[in-house]
Structure formats: C-alpha cells, structure tokens
Amino acid sequence: MNNLPDILRFRAQSDPDRVAFAEGDARLTYAQLFDDASALAAGLAEKGARPGDRIAISMAAGLDFARVFWAIQLLGATSCALNPYVPAATLSRRAERVRASLLVTGVNDIPQSSRALPRAEPEPDSIAILQPTSGTSGESRAAMIRHSNVITCLGSATSILHFGPHDVFVAWVPPWHDLGLIRFMIGTVFWGARTHIVQPAIQTIPEWLQTMSRERATVTGAPDFAWRLASRFVDPRTVDLTSLRDATNGGEPVRASTVEMFENTFGLSGAMLPGYGLAEITLGATCLLPGEPHRTDDRGNVSCGRALPHVELRIADDGEILLRGPLVFAGYFDAEEATRETLRDGWLHTGDVGHLDSDGHLYILGRKRAMLKRGGAVLAPRELEEAAQQVEGVKIAAAIGMATERGTEEIVVAIEIGDRDDATFVAAHVAQ
C-alpha cells in the first residue's frame, strides 16, 4: 500500500463485513465506509473539487467525519481537519490560511453521487494531510504530511506494538488532533481493527472508560490531564479496564503521579505507555513498549521510551530534542521561513527540551521557551507543579516564570486549594 486510498480499498475488499467504526449503537463496516466515502467523493467532484485540492473538514468526531475524511482521500485531495468548536471567524481564518477550496461542516454540504470517479493514485511523496500544529510555540501552522509519512508511521507501530484486526480501539482524542487522526481514523483502517468513537469532552470521560469496559478495549490514548481526571471522575468499581494493553499517554509532559494513580486506581500494571511525538514527525517519535517497566530519572521525569523504528534522535548541546528520518514532515504550508527554522541540516528541531539515559530512554522536560531558571539551574515547570501537588489541600498547580524589574526571572507557583480557610497554611508549605 503506497497511499491512503489504497488502505481503504484493500480493507473494503479483504474485510467488507468487519465493523470499522462504531458510535453509540451505530455501526459502519468497511464495505459501507468505502461505498459511502466513494459516493461523497463523487459529490465533492460535482462541487468542483479536484485531486490535489485542499479540503478542510470542520465536523464533530463520529461516523460522518470518517465518511468525509475518507471521501477526500479517495478523491485524491488533501484533507485538513479543523476544530469545529472554535468561533466562526477563527474557523474561517484557519480555512483561508490553508487556502482550502472547500470547507465541509457536515455530510449535508456534499451531494451524494453515483458518478464513477477515476481511481485516485496519489504519489507516495504527495501531501495527504495538512495537520494543524498545537501552537505551543506561537500561532498554529499546518504541517504537510506525505502519504509515505503516514504509511511508514503505521507500519512502524505495527512492528513494535503489534496492532491488528484482533484489536478494539476506543477513540476519545479528537480527529483534528494528530493522535486522533493518525492512530484512530487512519490506523483503524490500516490495521483492520474496530474503533468505538466517544465525543471528546471533559464531561464524556466517564463514558470513555465505560466504553472501554463494555467493549473490552485493548487500545486507547489521551494526554496526561485526561488520565488524571479519569482517575478522579470514575469509580473503579463501575468499570473493568483489565483488557487494556496500550493506554498511550502523550501530547504533553507525562507525570509519574498520573501513571501511578491511574494504574493503582483501576488495578492495572504496565498498560499505560508514555510516548513523545508531535505533528511534525507525523505522530510518534518514541514510546515505552508493552512489557517494559516504567522508569523515572532522579528528578521525577518519566521515560517516554526509546526512539521508534525509522526515527533517529539526538539531544543538542542546549538540550533541544532533534529528530531525523522518513517520518519527518515536508514542512509548513505557506511558511517557508518557519520551515527553514525547524528543518535544519537534515534535522527536525522540535523546540522541546529533554535528555537520554544510558539505555536511550527519552525524558521530556517541556517546551524550550517554557523552561524556568533559578540559580543557574534549568527547571521544568512540571517538576515544581508535581512537588506542589504533594502538599495536602492542593488541587492543582501551575508554575511560570515572571520577569522582574531587575531583568531577572522570578518563579511563581499558582495553586488551587479546596478550603480557603487553609490558604495561608497551604501556601507556606508549597513555598517550602
């Protein structure tokens, strides 16, 4: 398989009656997905879309999103998934930034057609996806991801994580996020798995865990904060998560306390697999493998595992994480200067700071620009936040650096506490 249309065509022929995606009680088999996406692809063509066009999708997670995403791929166009919950002006600006020929906000935007389209065969190095970046280093940009980037990424995951038709995925991360799109929307079809889609929102975290329990899920994933909230929101007596073998934790610095709390709360051991990635490397650069014990460094930073196959990793003199290999993106759309700054001498400069141990395990400190300095030492905000949250009465903490009139930086830790009467006492203990 050399491109994304090949993935869906192959799966529709090999496993037509297997369920691809489920949303609540609704089911979509691989044959139905192919037929629906083909009809929508013909409808896009009737609206004037052509192979190679950029088409933006701004839709809620669900079966209709799957239909439209795969329709764009069958047409041979480039998709760009945008958050549908931003203000209308923001959405319009983001669609204009990628110069989208169409903005699809629902299946009703596309006339379904029985017209037969020429078989799209995008070149492996053509752009399959424009993936909005997180924007942690400024305004979000669109990373240009090739078909070959995606195919290599999913093949790499197959070789070390052994995903396949036997797996049951539960997707809570939204499909406009790289984890939601690459692993769950595309990976599902690549591996012939079944994915249950849960609408991504804080209030649906209990439903996410209940779906895993009911469907005997083997694979899921989310950022660290979601796992922390799950441990607080969900009574462990109401769910059984022991079928999980890969609960990916990534998208932000992983906290040792989160891993410990989640696994202890739900009676798991080794299911949570911390990883590190970013849109510019297609999805993942490193991950802890099943069966590998969790490990932390002497400052409490969690190992995000070793480099994945096809990823070369090194740490620059200033601590920045550099990556190289066939998973690295083609650059930012319409942003040549930013591309030159990020891709230098064959290396992807991530803007993240970390270090490697003697076994090649990667430990993430955070964004380079977010590091805190005190007495000549560099501190990760997470280290201070974790320490503050060990104080009884602290619900959540955030550490930031603030410039002083002397031109130096002062570290400030903001905390939320449960009992205002204890504010002075709690603050004093956090300061220690």
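See the structure printed just above.
Residue indices begin from 1 for each chain and proceed along its sequence in written order. Totals for whole chains, interfaces and linings use every residue, but because this is a predicted model, local features are given only for residues with pLDDT of at least 70 and side-chain atom pairs only at 80 or more, for both listing and counting. By convention in this description, side-chain values take in all heavy atoms of the structure and omit both hydrogens and water.

K.L.:
Kindly report on the overall build of the protein chain, identifying the contributing residues and their values.
P.N.:
Secondary structure is summarised from DSSP: a helix means a run of H or I of at least four residues, a strand means a run of E of at least two, and numbering begins at the N terminus for each. Counting secondary structure elements, the protein chain contains 12 helices and 23 strands. Counting contacts in the protein chain only where the partners sit at least 6 residues apart, residues at least 24 apart contribute 68% of the total. Accessible surface area values rest on a Shrake-Rupley calculation with a 1.4 Å probe, where residue burial reflects the displayed protein chains alone. About 19,000 Å² of surface is accessible on the protein chain, with carbon and sulfur atoms providing 49% of the total. Should any heavy atoms of two residues lie within 4.5 Å, those residues are considered in contact.

K.L.:
Summarise helix H9 (residues 256-266); cite the residues concerned and give the values.
P.N.:
In an α-helix there are 3.6 residues to a turn, and that puts residues three or four apart on one side. Buried residues of H9: Thr 258, Val 259, Phe 262, Glu 263 and Phe 266, and no others. The arc enclosing the buried residues of H9, seen along the axis, measures out at 110 degrees, which places them on a common side. Exposed residues pointing more than 90 degrees away from the buried face of H9 are listed as Glu 260 and Asn 264. On the buried face of H9, the contacting elements are helix H7 (205-215), helix H8 (224-233), strand S11 (246-249) and strand S12 (272-277). The first or second residue beyond H9 is Gly 267, which carries a positive phi of 65 degrees. The buried label applies to any residue whose accessible area, calculated with a 1.4 Å probe on protein chains only, is under 20% of its type's maximum; exposed applies above 50%, and partly exposed to all values in between. Arc, as used here, means the arc of the directions from the helix axis to the C-beta atoms.

K.L.:
Mind laying out the packing of H8 against H9, listing which residues take part and the relevant values?
P.N.:
The axes used here are C-alpha line fits, helices contributing only the stretch in contact, and every angle between their N-to-C directions lies in the interval 0 to 180 degrees. At a minimum axis separation of 9 Å, H8 and H9 run at an interaxial angle of 35 degrees. The two elements H8 and H9 meet at a crossing, and its hand is left-handed. For the pair H8 and H9, contact is made by Asp 224, Trp 227, Arg 228, Ala 230, Ser 231 and Arg 232 and by Thr 258, Met 261, Phe 262, Thr 265 and Phe 266, respectively. The nonpolar class holds Ala, Val, Leu, Ile, Met, Phe, Trp, Tyr, Cys and Pro. Asp, Glu, Lys and Arg form the charged class, and all remaining residues, Gly among them, are polar. The residue makeup of the contact of H8 with H9, split by class, is five nonpolar, three polar and three charged. With the far helix as reference, a near helix turned anticlockwise by less than a right angle produces a left-handed crossing, and one turned clockwise produces a right-handed crossing.

K.L.:
Residue-level account of the pairing of strand S18 (residues 347-356), with values.
P.N.:
Remember that side chains alternate between the two faces of the sheet whenever the strand is regular. Counting buried positions along S18 gives eight out of 10 residues, so the element sits mostly inside the fold. When DSSP locates at least two bridges between a pair of strands, those strands are taken to pair. In the sheet, strand S16 (residues 320-324) pairs with S18 via three bridges, with the strands oriented antiparallel. Across the sheet, Leu 323 pairs through a bridge with Leu 348, a residue of S18. Inspection of the sheet shows strand S17 (residues 343-344) paired to S18 by two bridges, in the antiparallel sense. Looking at the pairing, Arg 344 lines up with Trp 347 of S18. Counted along the chain from S17 to the antiparallel partner S18, the turn is two residues long, and its residue Asp 345 has a positive phi close to 55 degrees. A loop of five residues connects S18 with strand S19 (residues 362-367), the two strands running antiparallel in sequence, and Gly 360 in this loop sits at a positive phi of about 85 degrees.

K.L.:
An account of helix H2 (residues 30-46) is needed here, citing residue identities and associated values.
P.N.:
The span one expects for a helix is its residue count, reduced by one, times 1.5 Å. For H2, which comprises 17 residues, the first-to-last C-alpha distance of 24 Å matches the rise-based estimate of 24 Å (1.5 Å per residue) to within 8%. Within the span of H2, buried status applies to Tyr 30, Leu 33, Ala 37, Ala 39, Leu 40, Ala 41, Ala 42, Gly 43, Leu 44 and Ala 45. Following H2 by one or two positions, Gly 48 adopts a phi angle in the positive range, close to 105 degrees.

K.L.:
Report on the pattern of salt bridges, specifying residues and quantitative values.
P.N.:
Whenever a carboxyl oxygen of Asp or Glu lies within 4 Å of a side-chain nitrogen of Lys or Arg, that contact is scored as a salt bridge. Evaluation of the coordinates by the stated rule reveals 22 salt bridges. The shortest N-O distance in the salt bridge between Arg 119 and Glu 121 comes to 2.6 Å. The shortest N-O distance in the salt bridge between Glu 336 and Arg 340 comes to 3.9 Å. Here Glu 336 and its partner Arg 340 are both found in helix H10 (residues 336-342), four residues apart, which amounts to about one turn of the helix. Overall, the relative accessible area of 53% leaves Arg 340 in the exposed class. Three or more residues are tied together by salt bridges with common partners; here these are Asp 6, Arg 9, Arg 119 and Glu 121.

K.L.:
Can you tell me about the pairing of strand S15 (residues 312-315), naming the residues and giving the values?
P.N.:
The sheet contact formed by S15 and S16 spans four bridges and is antiparallel. Looking across to S16, one finds that Arg 314 is bridged to Leu 322. Linking S15 back to S16 in an antiparallel pair, the connection comprises four residues, with Gly 319 at a positive phi of about 90 degrees.

K.L.:
Describe the side chain of His 361, and please don't skip the residues or the numbers.
P.N.:
Looking at the secondary structure, you find His 361 in the loop between S18 and S19. N or O atoms within 3.5 Å of each other form a polar contact, as long as, within protein, one can give a hydrogen and the other can take it, and as long as residues adjacent in sequence are counted only when both atoms are side-chain atoms. Separated by 2.6 Å, the side chains of His 361 and Ser 303 make a polar contact. Look past the residues within four positions of His 361 in its chain and what remains in contact with it is Leu 288, Glu 292, Arg 295, Ser 303, Gly 305, Arg 306, His 355 and Leu 356.

K.L.:
Could you give an account of the nonpolar core, with specific residues and numbers?
P.N.:
Core analysis: the biggest nonpolar cluster contains 110 residues, and Leu 44, Trp 70, Ile 186, Trp 208, Leu 209 and Leu 323 have the highest contact counts within it. A per-element tally of this core places helix H3 (residues 63-75) first, with 10 residues. Those residues in contact with Leu 44, other than ones at most four positions away along the chain, are Ala 49, Ile 55, Ala 71, Ile 72, Leu 75, Leu 102, Val 104 and Ile 110. Membership of the second largest hydrophobic core comes to 11 residues, among which are Ala 56, Cys 80, Leu 82 and Ala 142. As used here, the term nonpolar core means buried Ala, Val, Leu, Ile, Met, Phe, Trp, Tyr and Cys residues forming a set that is joined through side-chain atoms within 4.5 Å.

K.L.:
Just give me the short version of the packing of helix H1 (residues 4-14) against H2, but keep the residues and values in it.
P.N.:
Running from N to C, H1 and H2 point in directions that differ by 135 degrees, and their axes come no closer than 8 Å. With respect to each other, H1 and H2 are oriented oblique. Crossing geometry of H1 relative to H2 is assigned as left-handed. In this structure, H1 contributes Leu 8, Arg 9, Arg 11 and Ala 12 to the contact, and H2 contributes Tyr 30, Leu 33, Phe 34 and Ala 37. Residues belonging to the contact of H1 with H2 are distributed by class as follows: six nonpolar, no polar and two charged. In this scheme, roughly parallel covers angles under 35 degrees and roughly antiparallel covers those over 145, while 65 to 115 is roughly perpendicular and the rest are oblique.

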